[in-house]
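Listed below, chain by chain, are the residues.
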Amino acid sequence: MYEVIKLKTDYMTVTDVTDKVKAIVKKSGVKDGICVIFNAHTTAAVGIATKEEAAQRDFQADLDRIFPLRANYNHVETPFDAAGHVKCVVVGVDVTPIIKDGELDLGDDQAILFYEFDGPRPRELHVKCYGK
Amino acid sequence: MFEVIKLQTQHNRAIDVTPKIKEIIAGAGVTDGILTVSIPHTDAGLVIHSFWDPKGWDDSMEEIRRAFPSKVDYEQRTNNAHEAAAHSKAAFVGNVMSLIIKDGELLFGNSQGILFCEFNGPKNDREVHVNIM
């Protein structure tokens, strides 16, 4: 089973998509297997991290500190775009949590997060459930 | 189905392995499934990047190098400082990804490509492992 989650983002925001993914897992009827969550954009990322929103903002701020916006990137577009590509590379665009007893096997504090490094933009997140 | 891609690399350069992986998918005959790509190395990385502008790959490699400078006072003992820093870079960017195969093709955005990032090297015995189910 395969579905697309549609999002509308703002610059450097983090969107918690856990509930949307959980709903797809439920609908898929998969009891034991894996769930691939894939971001098809190159200035955004997907990850599993704490559901606490302040910590999500801290993470974006830390990324900005490590990879600050610069005007002299080799890739000549906006600094937001150039730095976004770097952030995308290091954070990653796919996660594959386990489906166990028909539910996502996540810790109580864990959330599936969509990271926007450019934006505001319409975005898509692809979800595929695989198993029995 | 499992296949191995062999690579020859240059120090601190990224290599686009997308065409080879798409070839393997086409040969596998899987219409809907999961593609897992991994590398068996601890001083290289596997990432998804925009493939349009190779200068953008250089940006990423440079930024990662800036974040993890090759320094001689790492606790680990390695042949050279690049190798020690490479271990940190590899741990940071990751070495395995699971992707979606839909309608017989890799489900990708129109500018996405898979890059092998050489943080050590040059090496002539690098591998990318590809599994399809």
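The coordinates are above.
These numbers come from a predicted model, not from an experiment.

What counts, and where the lines are drawn
Residues numbered from 1 in each chain as written. Chains lettered and ligands numbered in written order. Predicted model: local features only at pLDDT ≥ 70, side-chain atom pairs only at ≥ 80, totals over all residues. Heavy atoms only, no water. Phe/Tyr/Trp six-rings, centres within 6.5 Å; stacked < 30°, edge-to-face > 60°. Helix = DSSP H or I, 4+ residues; strand = E, 2+ residues; numbered from the N terminus. Buried < 20%, exposed > 50% of the residue type's maximum accessible area, 1.4 Å probe, protein only. Pairing = 2+ DSSP bridges. Contact = heavy atoms within 4.5 Å. Axes fitted to C-alpha atoms, helices over the stretch in contact; angles between N-to-C directions.

Topic: the packing of aromatic side chains
Applying the stated criterion across every chain, the model contains six aromatic pairs over all chains. Each ring, one from Phe38 of chain A and one from Phe108 of chain B, has its centre 5.6 Å from the other, and the planes form 15 degrees; the classification is stacked. Taken together, the residues Phe38 of chain A in strand S3 (residues 33-39) and Phe108 of chain B in the loop between strand S6 (105-106) and strand S7 (112-118) connect one chain to another. An identical accessibility class is assigned to Phe38 of chain A and Phe108 of chain B; each is buried.

Describing the sheet that holds strand S3 (residues 33-38) of chain B
Residues and elements named next belong to chain B. Taken in spatial order, the five strands line up as S1-S8-S3-S5-S6 in an open sheet, and their pairing is antiparallel. Each end of this open sheet is capped by a strand with a single partner; those strands are strand S1 (2-7) and S6. Looking at chain direction, strand S5 (residues 96-102) and S6 are connected through two bridges and run antiparallel. Counterpart to Lys102 in the pairing with S6 is Glu105. Helix-sheet contacts for helix H1 (residues 18-28) involve S1, S3, S5, S6 and strand S8 (126-132), and the interaxial angle to S1 is about 155 degrees.

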